[in-house]
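Letter by letter, the chains look like this.
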Amino acid sequence: MSTKTPIAVLLSGRGSNMRALANAAASPDFPARIALVASDRADAPGLNFARQNDLNAHVLDRGTARGRGSFDAAIEAAVRRSGAELICLAGFMRILGPDLVSAWHGRIINIHPSLLPLYPGLDTHARALADGVKLHGCTVHHVTEGVDEGPIIAQAALTVSRSDTADTLAARVLTLEHQLYPAALAAHLTGNDLPEQKAAIFSLPV
Ligand code: GAR
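All figures in this text were calculated on a predicted structure; none of them were measured in a lab.

K.L.:
Is there a simple way to think about the nonpolar core in this case?
P.N.:
Nonpolar side chains in soluble globular proteins generally cluster together in the buried interior. Counting 38 residues, the largest nonpolar core has Ile7, Val9, Cys88, Ile109, Val140, Tyr181 and Leu185 as its most contacted members. The dominant element in this core, judged by the number of residues it contributes, is helix H6 (residues 166-190), at eight residues. Excluding anything up to four places from it in sequence, valine 9 contacts Met18, Leu21, Ile34, Leu36, Val37, Ala38, Cys88 and Ala90.

Shown next, in the form of structure tokens:
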């Protein structure tokens, strides 16, 4: 029997972080398996990839007419049905409601494209460039009620180049994200090397 922890991956778009998690999970040594890939967008490319690769792909009912509570209920129902024990947000562009966050306390993690607590929210790369920061990167953190605010599990950083644009920086950070998310997830599940709040910094040459 598999000792891998079943996880649900929630996404809204491209799904490259989900693919990084799926690639890692294909290894027998990785401590998680993907029990569900769910999206609030039926046309999300990440969902197509999941379908084509025989992952359990699910479109969440956005429940716009019925409010956020019912959307959260749709997430909870899909996750519970899949048997997932941990929710991994991977480019999921909806804010989870407080009841869902509280019910899954300590069991929802997210990847964000900045070195939190710097640059929560959107347009992180353009804002980092506008400020002239020399280091930038990504963070895997626990999800709490405050957006992009939960305890940090791991971070990866790179040096900002003078020639970087928001697009080149986003692409370079995304490469780091694909390394960081599986590593942080594995560390979180095994509880070995990266206790909460401890950052792991990978540096890449410019
Ligand atoms: C990633 O850069 C992820 O960090 C970001 O969305 C992108 C999704 O790409 N998430 C957030 O901004 C959440 N606050 P992907 O769909 O290719 O994984």
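K.L.:
Even after reading the chapter, I still don't get the pattern of salt bridges, so can you show me in this structure?
P.N.:
Oppositely charged side chains may form a pair once their charged atoms are brought near each other. With the rule as written, the count across this model stands at three salt bridges. Among the salt bridges present, the one from arginine 172 reaches aspartate 164, with a minimum N-O distance of 2.5 Å.

K.L.:
Where do I start with the site of the ligand in this structure?
P.N.:
Near the ligand you find Arg14, Gly15, Ser16, Asn17, Gly91, Met93, Ile111, His112, Pro113, Asp148, Leu174 and Glu177, and these make up its full shell. At a separation of 2.5 Å, an oxygen atom of the ligand approaches a polar side-chain atom of serine 16. Summarising the interface, the protein chains cover 87% of the accessible area of the ligand, which totals 450 Å² for the free molecule. When contributions to the shell around the ligand are tallied by element, the ones reaching two or more residues are helix H1 (16-25), strand S5 (108-112) and H6. Looking at the shell around the ligand residue by residue, the class counts come to four nonpolar, five polar and three charged.

K.L.:
Teacher, can you tell me more about the environment of glycine 146 here?
P.N.:
By the element assignment, glycine 146 lies in the loop between strand S6 (135-142) and strand S7 (152-159). Distance from glycine 146 to proline 98, taken between C-alpha atoms, is 9.2 Å for residues 48 residues apart in sequence.

K.L.:
How should I be thinking about the sheet that holds strand S2 (residues 32-39) in this particular structure?
P.N.:
Pairing between the strands of a sheet comes from backbone hydrogen bonds, and it takes one of two forms, parallel or antiparallel. Spatially, seven strands are ordered S3-S2-S1-S4-S5-S6-S7 in an open sheet, and the strand pairing comes out mixed. The sheet is open, and its two borders are formed by strand S3 (57-59) and S7, each paired with just one other strand. This sheet shows a mean twist of 20° between the axes of neighbouring strands, independent of strand direction. Direction of pairing for strand S4 (residues 86-89) relative to S5: parallel, over a ladder of three bridges.

Analysis parameters
- Residues numbered from 1 in each chain as written.
- Predicted model: local features only at pLDDT ≥ 70, side-chain atom pairs only at ≥ 80, totals over all residues.
- Heavy atoms only, no water.
- Core = buried A, V, L, I, M, F, W, Y, C linked by side-chain atoms within 4.5 Å.
- Buried < 20%, exposed > 50% of the residue type's maximum accessible area, 1.4 Å probe, protein only.
- Helix = DSSP H or I, 4+ residues; strand = E, 2+ residues; numbered from the N terminus.
- Contact = heavy atoms within 4.5 Å.
- Salt bridge = Lys/Arg side-chain N within 4 Å of Asp/Glu carboxyl O.
- Near = heavy atom within 4 Å.
- Polar contact = N/O pair within 3.5 Å; in protein donor to acceptor, adjacent residues only side chain to side chain.
- Areas by Shrake-Rupley, 256 points an atom, 1.4 Å probe, with all protein chains shown as cover.
- Nonpolar A, V, L, I, M, F, W, Y, C, P; charged D, E, K, R; others polar.
- Pairing = 2+ DSSP bridges.
- Axes fitted to C-alpha atoms, helices over the stretch in contact; angles between N-to-C directions.

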